[in-house]
Amino acid sequence: MSAISRSEVEHLARLARIDMSDEELDRMAGQLDAVLDAVAAVAKVATDDVPATSHPVPLTNVTRPDVVRPGLTAAEALAGAPAAEDGRFRVPMILGEEA
Amino acid sequence: MSVNELVQWDATRLADALRSGVVSSEEVTRAHLDRIDAVDGPTSGPNASGVHAFLHVDHEGALARARQIDADRAAGADLGPLAGIPVGVKDVLTTKGLPTTAGSRMLEGWVPPYDATVVRELHAAGLVVLGKTNMDEFAMGSTTEHSAYGVTRNPWDPTRIPGGSGGGSAAALAAFEAPLTIGSDTGGSIRQPAAVTGTVGVKPTYGAVSRYGLIALASSLDQAGPCARTVMDTALLHAVIAGHDPYDSTSLPDAVPDVVGAARQGATGDLAGVRIGVVRELSGEGYEPGVVARFEESLAEFRAAGAEVVELSLPNIVHALAAYYLILPSEASSNLAKFDGMRYGLRVVPEGGNVTAETVMRATRAAGFGDEAKRRIILGTYALSAGYYDAYYGSAQKVRTLVQRDFAAAFADVDVLVSPTAPTVAYELGEKLDDPLAMYAGDVATIPANLAGLPGMSLPAGLSDGLPVGLQILAPQRADDRLYRVGAALEARLVDKWGGPLLAKVPAWQGVSA
């Protein structure tokens with residue numbers, strides 16, 4: 001049985017905001033299925049009594065003094081923007097997408 | 001001396017020559033820029049035969065910087081040991097005013113407004129940044145074939161991979177284009193390229209080197225580190241870039257271990273009193289005979305150096321690869337979500353239909369990411385989605401605990417662990433391009449250190465069929481100095497046995513004598 005179907009990959013691509021062609025979906029589904037098949041064994045080793053580790057070197061409450069220091073200027077921050085206007089990022093329409 | 005002679009000197013020798021005034025930084029820098037011009041390109045078109053270790057070379061900036069260092073030295077300034085020496089920087093680190101792409105179309109033409117902390121440290125120590133080195137896109141890959149800007153070729157054989165993701169940083173060393181380079185290692189991206197190019201690379205303890213300005217792939221695994229042609233040079237560069245950084249909340253507050261002193265101690269070739277563990281699960285089946293043979297010979301050298309070599313088992317390490325290929329895509333899918341075509345980098349506006357932020361994001365990410373990046377984003381999105389989270393990401397995090405426990409138990413018994421760095425020597429370009437699983441399997445020996453946050457080194461152990469084999473040393477967290485002591489001892493004994501460094505055997509590149 002395959003671990004992941006083509007329609008699932010299509011759904012995931014939509015969630016990840018990546019347009020994919022039919023050819024890409026076909027290829028990706030096959031490759032991801034093989035990868036998932038190979039990594040699925042982790043579920044068998046990971047028993048309930050084992051705690052999860054999210055970070056290799058746990059540090060807690062890391063802070064630095066709350067002092068004002070120079071940061072990027074607006075011009076520097078906008079220098080790499082695909083589009084800018086009036087000192088702001090110019091982005092495509094976000095609201096009213098059905099209009 | 002000839003230009004070709006200068007590029008063959010290691011950083012330690014260059015540093016001595018610079019200090020004593022035998023050469024200037026301008027001469028050294030110009031020699032390396034000339035070398036880059038001679039061997040690095042072109043990579044596309046009918047004459048695509050260059051090494052292509054660099055994505056961007058800063059001729060003018062490097063020479064200006066070198067002249068400044070020379071002037072400072074003439075004025076009696078107190079300069080660091082590596083002042084005036086050229087260095088290549090993996091294109092995953094931001095460089096103010098120099099293009100930074102992470103090997104992706106997504107960042108084509110992007111010029112960062114700030115320096116990574118590692119780059120700032122290089123400048124502060126007086127090193128001369130030559131340019132940015134090639135890599136698999138966003139550090140995802142083990143071959144540098146997944147760079148959007150073309151492959152890097154292995155200086156030992158131009159038809160073979162230089163390893164990855166930091167193939168550019170390793171190939172630049174092996175092709176004598178730079179004496180020092182910076183890499184980053186998320187699952188072996190410093191160590192595996194070092195292994196297949198006959199160079200030295202160290203992944204420091206997680207948090208030992210700042211990640212500020214290191215374009216994130218998997219934040220709990222990523223670690224920048226030093227690459228060079230000798231263990232001592234690697235230690236000198238390690239000392240420059242390591243240390244606490246208030247701009248990185250995962251940066252270790254601890255003092256940096258004396259890696260240079262450890263390399264000096266190891267260079268005597270004496271390892272009396274050192275206990276070395278051989279990881280049973282990281283050799284044998286799946287490892288090429290030539291790799292195993294060089295590894296066994298290295299073990300004999302360790303014994304001859306007075307070390308005690310014992311075999312031990314880390315049973316859960318066999319699950320590390322699977323856990324890694326769930327944890328990495330999960331973190332990567334989250335980290336790469338910021339590339340949305342809104343604030344910097346590529347923006348693709350789809351033709352026809354309703355142009356909205358969402359359609360622009362989808363078109364931008366479709367055009368901006370390559371196959372391997374897309375595979376891992378989709379895989380991570382899957383592993384993190386409701387209904388699958390516990391079985392995949394959750395289980396992988398538990399395996400991470402088991403791997404850490406195995407290492408803790410092993411290091412209660414031995415000082416360092418050793419294994420081959422990679423199961424094979426450099427394979428042919430294209431060989432595993434359509435079989436991601438086969439490529440992933442090459443990371444089997446390097447990945448466990450990233451899961452556990454351990455420091456690891458790869459250094460040359462000899463040749464198999466004319467291609468370099470790497471030996472990996474792993475140490476407990478915060479004991480990076482042990483890598484240098486044990487590595488320098490092995491290097492001293494092997495170089496003595498070979499009658500010179502392994503890289504003296506690298507074939508001349510395209511008629512340009514090394």
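Everything numeric here is computed off the predicted structure, so don't read it as measured data.

(A) View of the interface of chain A and chain B. Taken residue by residue, the interface counts 46 residues in chain A and 60 residues in chain B. Residue assignment for the side of chain A that touches chain B shows that the elements contributing at least two residues are α1 (6-15), α2 (22-39), α3 (42-45) and α4 (74-78) of chain A. The leading source of residues in the side of chain A that touches chain B is α2(A), at seven residues. Taken together, the residues of the side of chain A that touches chain B sort by class into 36 nonpolar, five polar and five charged.

(B) Representation of the pairing of strand β7 (residues 275-279) of chain B within the structure. Residue and element names in this part refer to chain B. Two elements, β7 and strand β8 (residues 308-312), share five bridges in a ladder whose sense is parallel. Directly across from Arg275, in β8, lies its bridge partner Glu308. Handedness of the crossover joining β7 and β8 through helix α10 (residues 289-304): right-handed. Of the strand pairs in this sheet, β7 and strand β9 (residues 416-420) are connected by three bridges, and their pairing is parallel. The partner of Ile276 across the bridge, within β9, is Val416.

(C) Spotlight on the pairing of strand β11 (residues 467-474) of chain B. All names here are of chain B. Of all the eight residues making up β11, eight are buried; the element is thus mostly covered by neighbouring parts of the structure. Pairing analysis gives four bridges linking β9 to β11, with the strands arranged antiparallel. Counted as the bridge partner of Val418 is Ile473 from β11. The sheet contact formed by strand β10 (residues 456-464) and β11 spans eight bridges and is antiparallel. The residue bridging Leu459 from the neighbouring strand is Leu471, located in β11. Where β10 folds back onto β11 in an antiparallel hairpin, the turn is made up of two residues, including Asp465, whose phi is positive at roughly 50°.

(D) Here's a closer look at the nonpolar core. Core analysis: the largest hydrophobic core is formed by 179 residues, its most contacted members being Ile85(B), Val87(B), Ala323(B), Leu326(B) and Ile378(B). Broken down by element, this core gets its largest block of residues, ten residues, from helix α11 (residues 320-335) of chain B. Every residue in contact with Leu326(B), bar those within four places of it in the chain, is listed here: Val39(A), Val42(A), Ala383(B), Tyr392(B), Tyr393(B) and Ala396(B).

(E) Just the packing of α2(A) against α11(B), in detail. Close contact between α2(A) and α11(B) brings their axes to 8 Å; oriented N to C, the two are set at 130°. Classed by the angle they form, the pair α2(A) and α11(B) counts as oblique. Judged by residue contacts, Val35(A), Ala38(A) and Val39(A) of α2(A) engage Ala322(B), Tyr325(B) and Leu326(B) from α11(B). Partitioned by chemical class, the residues of the contact of α2(A) with α11(B) number six nonpolar, no polar and no charged.

(F) Fine view of the confidence of the model for chain B. On average, residues of chain B carry a pLDDT of 95, and 97% of them reach 70 or more. As a predicted assembly, this complex carries a pTM of 0.97 together with an ipTM value of 0.94.

Conventions adopted
Residues numbered from 1 in each chain as written. Chains lettered and ligands numbered in written order. Predicted model: local features only at pLDDT ≥ 70, side-chain atom pairs only at ≥ 80, totals over all residues. Contact = placed C-beta atoms within 7 Å. Helix = DSSP H or I, 4+ residues; strand = E, 2+ residues; numbered from the N terminus. Nonpolar A, V, L, I, M, F, W, Y, C, P; charged D, E, K, R; others polar. Pairing = 2+ DSSP bridges. Right-handed = clockwise from strand over helix to strand, strands pointing away. Buried ≥ 20, exposed ≤ 12 C-beta atoms within 10 Å, placed from the backbone. Core = buried A, V, L, I, M, F, W, Y, C linked by C-beta atoms within 7 Å. Axes fitted to C-alpha atoms, helices over the stretch in contact; angles between N-to-C directions. Parallel < 35°, antiparallel > 145°, perpendicular 65-115°, else oblique. pLDDT = per-residue confidence, 0-100.

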